[in-house]
Amino acid sequence: MRFKFFFSLWSVTSSWCIKKICNVRRGAISYDSSDQTALYIRMLGDVRVRSQVGFEPERRGSHPYLGVDFRTLHSRAESAGSIPARRIRRLFSFQRHLLSSRLLRGAPHLNPLHILDEDYCGQAKCMLEKVGSWNFDIFLFDRLTNGNSLVFLTFNLLNQYGLIELFQLDMVKLRRFLVLVQEDYHNQNPYHNAVHAADVTQAMHCYLREPKLAQSLTSFDILLGLLAAATHDLDHPGVNQPFLIKTNHYLAALYRNTSVLENHHWRSAVGLLRETELFSHLPVEDSLSIERQLGSLILATDISRQNEYLSRFRTHLDENDLCLGHASHRHFVLQMALKCADICNPCRPWELSKQWSEKVTEEFFHQGDIEKKHKLEISPLCDSEANTIASVQIGFMTYVVEPLFAEWARFSDTRLSQTMLGHLGLNKASWSALEPEASGSSEEGESEPGRATEEPSSRALSQGSQES
Ligand SMILES: [Zn+2]
């Protein structure tokens, strides 16, 4: 069955069918067939099976994080007989532990059927009137929407741009798609969760409104940009690519150690698009084009390819040859906009930026703790004894964020770009004041051109990626 699984994924055609996607999703599960009461199944870090006696850790294979048994999965699915296939898919999805995570977080269960009702909190509605503000407090919005910021925000933006009407999107399918997208983020991740996706989507909206983009982007570009932002980290496990590789996770093998997470986010998004049939009314070529371009945008968020995108951007700006009348150039600008949106936390006002910094460092340190516990090499920036929030942030800002936003400001020299650079400078100064030592070592790095451009950046990019 394992052979069959891989065969189905690596089949000659690049367009895979729904059945194959289901295989991918089923394949991610560690499942104990002896536990007849299993209800929810999760992937990766702490693979557990929920049973009547609560959450129990599952140990399978040579490593606790290599918890995949395709044979068991398939036999279980096939022997289910009377259970509808749709329900099986639900149970086997990575992140269909929504109810449990919501309960664990203390948020009351919200019936998804009512999620888009007009009578939701008035304060959230008020906030949406300023959804284009760079000071938009996504944390507050998430609380006001009872943990449904991604659904509300994305729906509101699609509606605001007139995309629902223009693309004749079925409201029931759209609602279902957005709810499933939100569910497939892991809310127990301190950073890579649905609130981060909502934040990136809001930032994307701010960039789409910038004059250069607003004047040239088509409705199709805007639809893609918003969907890519909302789904760009779908089903993120809360650990980075090096972790998946060193623990021999099946996703690393599946994607040959290349953009492992980004490929998975993209395939997961396509899976939900097909499952909900959101674009089934469009000609096949159009929906395939949406899937392909969505992939190209999401894959651009792989921070280990940052230098490649940045040099292309820089060259275009130096030669002043970006022509937004060309679809390929517009697509490239969308990629850059999404990349900026993805790592814009240090460019937000301090009160918001600081919260994101704490969350991402918590996620890094959690990974480091797992590595320590299992005697694996601790990934850079993940060792809580060797790093601090300030040191991680100062390095990230210096070697990753500043170079990107400096180029973005060259491309789009607007008040927003200046505001973002202003916050970036202030936030860096605040972290430096909190930890002068970290800022000192960062400046040392800058004084040595070779190190500044090579060692620290590559280390930050490949290992400590805030966005990997
Ligand atoms: Zn992200």
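All values reported here derive from a predicted model rather than from experimental measurement.

**Student:** Quick question: what am I supposed to make of the overall build of the protein chain here?
**Tutor:** For the protein chain, the helix and strand inventory stands at 25 helices and 2 strands. Scored against the burial criterion, the 468 residues of the protein chain give a buried share of 58%. Taking contacts inside the protein chain between residues at least 6 apart in sequence as the whole, the part at least 24 apart equals 75%. Accessible surface, the protein chain as shown: approximately 19800 Å² in total, 53% of it carbon and sulfur.

**Student:** Please explain the packing of helix H16 (residues 260–276) against helix H17 (residues 284–299) as it appears in this structure.
**Tutor:** The packing of two helices is summarised by the inter-axis angle and the distance between the axes. Look at H16 against H17: their axes get within 9 Å of each other, and the N-to-C directions meet at 155°. Looking at the two axes, H16 sits roughly antiparallel to H17. As for the relative orientation of H16 and H17, their crossing is right-handed in sense. Residue-level inspection shows Glu262, Asn263, His265, Trp266, Ala269, Val270, Leu273 and Arg274 of H16 in contact with H17, the latter providing Leu288, Glu291, Leu294, Gly295, Ile298 and Leu299.

**Student:** Please explain the pattern of salt bridges as it appears in this structure.
**Tutor:** Two side chains with opposite charge may pair up if their charged atoms get near one another. Counted according to the given criterion, the structure contains 13 salt bridges. Note that Glu385 is salt-bridged to Lys372, the shortest N-O span being 3.7 Å. Here Glu385 is found in the loop between helix H20 (350–373) and helix H21 (389–411), whereas its partner Lys372 is found in helix H20, with 13 residues between them in sequence. According to the relative accessible area criterion, Lys372 is partly exposed, its value standing at 32%. Through salt bridges that share partners, Arg314, Asp318, Glu407 and Arg410 make up one connected network.

**Student:** Just to check I follow, could you spell out the environment of Asn193 for this structure?
**Tutor:** For Asn193, the position within the fold is in the loop between helix H10 (171–183) and helix H11 (194–208). The class of Asn193 is buried, set by a relative accessible area of 8%. For the pair Asn193 and Pro237, spaced 44 residues apart in the sequence, the C-alpha separation amounts to 9.3 Å. Apart from the residues within four sequence positions on either side, Asn193 is in contact with Tyr185, His186 and Asn187. At 2.8 Å, the side chain of Asn193 forms a polar contact with the backbone oxygen of Asn189.

**Student:** Sorry if this is basic, but what is going on with H20 here?
**Tutor:** Side chains three or four residues apart in an α-helix point the same way, a direct result of the helix having 3.6 residues per turn. Compared with an ideal rise of 1.5 Å per residue, which puts 24 residues at 34 Å, H20 spans 34 Å between its outermost C-alpha atoms and is within 8% of the ideal. Looking at the residues trailing H20, positive phi occurs at Lys375, about 55°.

**Student:** Explain the nonpolar core to me, please; I cannot follow it from the model alone.
**Tutor:** One broad rule of soluble globular proteins: the nonpolar side chains tend to lie buried together. In this structure, Trp134, Ile138, Phe141, Tyr207, Phe279, Phe405 and Trp408 are the most contacted members of the largest nonpolar core, which totals 103 residues. Ranked by residue count, the leading element in this core is H21, at 12 residues. Here this core spans two domains, and each of domain 1 (85–342) and domain 2 (344–468) adds at least three residues to it. Discounting residues that sit within four places of it in the chain, Phe405 has contacts with Tyr207, Cys340, Ile343, Cys344, Cys347, Met420 and Leu421. Membership of the second largest hydrophobic core comes to 12 residues, among which are Val239, Phe243, Leu244 and Val260.

**Student:** Explanation requested: the UniProt feature "binding site: AMP" (unreviewed entry) in the protein chain in the structure shown.
**Tutor:** UniProt tags His192, Asn193, Ala194, Val195, His196, Asp233, Asp342 and Gln393 as "binding site: AMP" (unreviewed entry). With respect to the element layout, Ala194 can be found in helix H11. We classify Ala194 as buried; its relative accessible area is 4%. Discounting chain neighbours no more than four positions away, the residues touching Ala194 are Leu150, Gln182, Tyr185 and Asn187. Its place among the elements puts Val195 in helix H11. With a relative accessible area of 11%, Val195 lands in the buried category.

Thresholds applied
- Residues numbered from 1 in each chain as written.
- Predicted model: local features only at pLDDT ≥ 70, side-chain atom pairs only at ≥ 80, totals over all residues.
- Heavy atoms only, no water.
- Helix = DSSP H or I, 4+ residues; strand = E, 2+ residues; numbered from the N terminus.
- Buried < 20%, exposed > 50% of the residue type's maximum accessible area, 1.4 Å probe, protein only.
- Contact = heavy atoms within 4.5 Å.
- Areas by Shrake-Rupley, 256 points an atom, 1.4 Å probe, with all protein chains shown as cover.
- Axes fitted to C-alpha atoms, helices over the stretch in contact; angles between N-to-C directions.
- Parallel < 35°, antiparallel > 145°, perpendicular 65-115°, else oblique.
- Left-handed = near helix turned anticlockwise from the far one by under 90°.
- Salt bridge = Lys/Arg side-chain N within 4 Å of Asp/Glu carboxyl O.
- Polar contact = N/O pair within 3.5 Å; in protein donor to acceptor, adjacent residues only side chain to side chain.
- Expected span 1.5 Å × (residues − 1).
- Core = buried A, V, L, I, M, F, W, Y, C linked by side-chain atoms within 4.5 Å.
- Domains from an automatic or database assignment.
- UniProt positions renumbered as here; feature names shortened; annotations may be inferred.

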